[in-house]
Each structure stands twice: as structure tokens, then as C-alpha cells.
Amino acid sequence: MNQFLARSFPIRGLLNGGKIHTSTPAMAGSVLRALPVEVTELRGQNGMPFGVFYWKRMMSSASTETAKALSPNEKEKDKKENSLTEEQKRKEAGVVVSSYWGISRPKVTKDDGTEWPWNCFMPWETYRTDTSIDLKKHHVPKTFLDKFAYRTVKVLRIPTDVFFQRRYGCRAMMLETVAAVPGMVGGMLLHLRSLRKFQQSGGWIKALLEEAENERMHLMTMVELVQPKWYERLLVLTVQGVFFNAFFVLYLLSPKLAHRIVGYLEEEAVHSYTEYLKDIENGQIENVPAPAIAIDYWRLPKDAMLKDVITVIRADEAHHRDVNHFASDIHYQGKELREAPAPLGYH
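Residues numbered from 1 in each chain as written. Predicted model: local features only at pLDDT ≥ 70, side-chain atom pairs only at ≥ 80, totals over all residues. Heavy atoms only, no water.

Peer 1: Is there a simple way to explain the environment of Y168 in this structure?
Peer 2: Counting through the fold element by element, Y168 comes out in helix α6 (residues 168-197). For the pair Y168 and V226, spaced 58 residues apart in sequence, the C-alpha separation works out to 9.7 Å. Setting aside residues no more than four positions away along its own chain, Y168 makes contact with S272, E275, Y276 and D279. (Helix = DSSP H or I, 4+ residues; strand = E, 2+ residues; numbered from the N terminus. Contact = heavy atoms within 4.5 Å.)

Printed below as a string of C-alpha cells:
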């Protein structure tokens, strides 16, 4: 049984024989308009009517009144708008919803108006590689640390040559999984150092992290070209696990040695990609069309081939070589990286 509230408007004679009546009709009307109630007329024992409010839960009183006030056209329009979900409205507005948290981003398109297909990089992160960079530049080892770094890299190259021989696609895949580690480790440690000492980094944090990202994009490209076998994937896991931890400790102990080793590693990468290009030119490796991810990342022509991809990757490696040798030279001078700003136009 529904609850009811036996209350009247301002009354007189509350106890006058059970007769209850309102003081003024105007006041009763105002309350009726204000409250979501139904009024039922009841009669007492003596047959005299008295007014009470029978309170009834009104689930949609406001919407009902609004619906009555709307014209047929407005009702149809309101129904149509309500039928559209929030997701549909955002899609019509060109907004992509990535999760139920409502995190969204504008729709990204290419210059020709087609939809941007990549989530791992955006159009403003693409660039054209400077292929005119000097590929034969070599840092002659002079100090003990330089010679140690140079010999270490040469020793590390031996198992790679034995395992991969002239399968330069697989070799490049292995090189990129290793080459993408130093930038991330160096950028991470410089980031933490900047937080601890409340100091600027001179742009080196961003430069090293961009290097790591660039090397990762090399890997994503090579994976499209060379489908690695299960044992090659296992080798990648092993080498990356050992190299990451070793380089992390090395960078803590001697950043100048760490950057010098990376500089020599990049010199070897330039050499390996040069041999890769020779095999393509000699017909030993098929010059297949470039992957779509490479065309968009390096802004290559639509008809770009594998040779074009290897050419721009080799130029990137040459730039990484120069940046890391430069960073090592700064440390040899007894300075911190923040005292010598990172090179502009990193790519």
C-alpha cells in the first residue's frame, strides 16, 4: 500500500470534529502545481468532505510535462537525438574514442585527406633523412678507453658474423634490437638525474629518447621485410636482456665509455647497411617494394623500393654515430652533457 501524507494546507480547527479544510483555494492550487501528487477527496464519518494529499511516486513527471509541451515535430527531433549514442555523435564530429574514460583525439589524416593508418607515430614525427651525411667518418681511438670500446665492439661483431653471415635482413633486425637500447637507457638516467638535481638537460634527454625511437622504427620496418623465425626471436630476447643490464651499469659507471661504444656500434651498423645495399645492387637480394610504414615515416615516394629504405636507415645510423661520439667527447672534456646543447635537427 502506498504511503500517503495526511496533511492539509494552513488549516483552522485541526481538532474540530475531524474536519480538515484548506484556508484558501489559491494556496491549495499553488501547492498542487508545485508538488508531484494526486489529490483524492475523502469523506469523514459525518459525511463532510475533507481534502487530503495522496502522495504517489511520480517516476517521470517532469519528462511527461515536457513531452506534453512539445509539438509533434519537436517530439520527433528529440527522439532522434536521444537515439544517437555518444559514440556516434563523436564519430560524426571526427573524434575517436579510445576507452570508456572518454580519452579521445581528433581524427588524423594525411596530406591527401586519407586517414592516417599508424598509431606508433604521427605525421608531425616524420621527416626526410639527410642522405648526404659523411658515411666514411671514423673516430680514431687514441686513449685507453677509446681502444677498449673499439675492441669490445669488434669482439661483439664476431658471433653476429658467424650466426647471420650475409643474411643482412636478419642481421639488421638483431642490430636494431640492440641499437634501440642505449638511447632509452641514457635518456632515462639523464631524466632521473635532472629530477634529482633540479637541472636542465640541455636537450639531451629528448635527443637520446628520439634516437631510441628512431632505432625502434628501424626494427618495425625490418620486421615487415624479414619475418623472424622462432629461434631468432629467442636470440633477440637473450641478447637484449644481457645488453640492457650491462649497458645500464656501464652508463652509471662511465657515460663517456658508454657513448663511445655506441658510436663504434653505429659505425659497424653503417658498414653492415652498406654491404646490404651492395647485395641489393648485385641482385643477390631482391629489391622489393618498400613497406608502407617506411614510406610514411621517412616521407618516401609511393613507389619507393627496399634500396631507398636501406639508404635512409644507413643515413640515420651515421647520424647516431656522430651524436654519440660527440657526447663522449663532451665527457672527455670534463663537462656534463647539459653544458653542451644537443645537436638541433636530430633526424
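On we go from here.
Peer 1: In this structure, what is going on with the packing of aromatic side chains? I would like to understand it.
Peer 2: Two aromatic rings, taken as a pair, are described by how far apart their centres are and by the angle between their planes. Applying the stated criterion across every chain yields a total of 12 aromatic pairs. With 5.3 Å between their ring centres and 85° between their planes, F121 and Y297 make a pair best called edge-to-face. Of the two residues, F121 is situated in the loop between β4 (104-106) and α5 (144-164) and Y297 in helix α10 (residues 292-297); the sequence distance between them amounts to 176 residues. For F121, a relative accessible area of 2% translates into the label buried. Accessibility expressed as a relative area gives 3% for Y297, which makes it buried. Ring geometry for Y297 against W298: centres 4.9 Å apart, planes inclined by 85°, an arrangement best described as edge-to-face. Neither Y297 nor W298 differs from the other in exposure class; each is buried. (Phe/Tyr/Trp six-rings, centres within 6.5 Å; stacked < 30°, edge-to-face > 60°. Buried < 20%, exposed > 50% of the residue type's maximum accessible area, 1.4 Å probe, protein only.)

Peer 1: Quick question: what am I supposed to make of the side chain of H325 here?
Peer 2: Mapped onto the fold, H325 is located in helix α11 (residues 306-332). In terms of polar contacts, H325 uses its side chain to reach the side chain of R260, at 3.1 Å. A polar atom in the side chain of H325 sits 3.0 Å from the side chain of E267. With near-sequence residues (within four places) excluded, H325 lies in contact with H139, R260, G263, Y264 and E267. (Polar contact = N/O pair within 3.5 Å; in protein donor to acceptor, adjacent residues only side chain to side chain.)

Peer 1: Which parts of the structure should I look at to understand unusual backbone geometry?
Peer 2: For residues that are not glycine, phi is negative in most cases, and the peptide bond is trans in most cases. Of note, F198 is a non-glycine position whose phi angle comes to about 55°, a positive value. When you line up the elements, F198 lands in the loop between α6 and α7 (204-225). Looking at F198, the relative accessible area reads 76%, which means it is exposed. In the Ramachandran plot, R299 falls in the positive-phi region, its phi being about 55° despite a non-glycine side chain. Tracing the chain through its elements places R299 in the loop between α10 and α11.

Peer 1: Looking at this model, I keep getting lost on the packing of α6 against helix α8 (residues 230-253). Mind explaining?
Peer 2: Packed helix pairs are characterised by how far apart their axes lie and by the angle those axes make with each other. With their axes 9 Å apart at the nearest point, α6 and α8 run at an angle of 30° to one another. In this view, α6 runs roughly parallel relative to α8, as classed from their interaxial angle. Crossing angle aside, the handedness with which α6 passes α8 is right-handed. Taking contact as the criterion, the partners of C170, M173, M174, T177, V178, V181, P182, V185, G186, M188, L189 and L190 in α6 are, on α8, E232, L235, V236, V239, Q240, F243, F244, F247, F248, Y251 and L252. A class-by-class count of the residues in the contact of α6 with α8 yields 19 nonpolar, three polar and one charged. (Axes fitted to C-alpha atoms, helices over the stretch in contact; angles between N-to-C directions. Parallel < 35°, antiparallel > 145°, perpendicular 65-115°, else oblique. Left-handed = near helix turned anticlockwise from the far one by under 90°. Nonpolar A, V, L, I, M, F, W, Y, C, P; charged D, E, K, R; others polar.)

Peer 1: What's the story with the pattern of salt bridges in this structure? I'm lost.
Peer 2: Any two side chains of opposite charge can pair, given that their charged atoms come close. Applying the stated criterion across every chain yields a total of 10 salt bridges. Notably, a salt bridge pairs R260 with D146, separated by 2.9 Å at the nearest N-O pair. With a gap of 114 residues between them, R260 in helix α9 (residues 255-281) and D146 in helix α5 connect regions that are remote in the sequence. A salt bridge links D329 to R260; the shortest N-O distance between them is 2.7 Å. Separated by 69 residues along the polypeptide, D329 in helix α11 and R260 in helix α9 bring together distant segments of the chain. Judged by its relative accessible area of 29%, D329 is partly exposed. R260 gets classed as buried once you look at its relative accessible area, which sits at 1%. Put simply, K137, R321 and D322 are held in one network by salt bridges that share partners. (Salt bridge = Lys/Arg side-chain N within 4 Å of Asp/Glu carboxyl O.)

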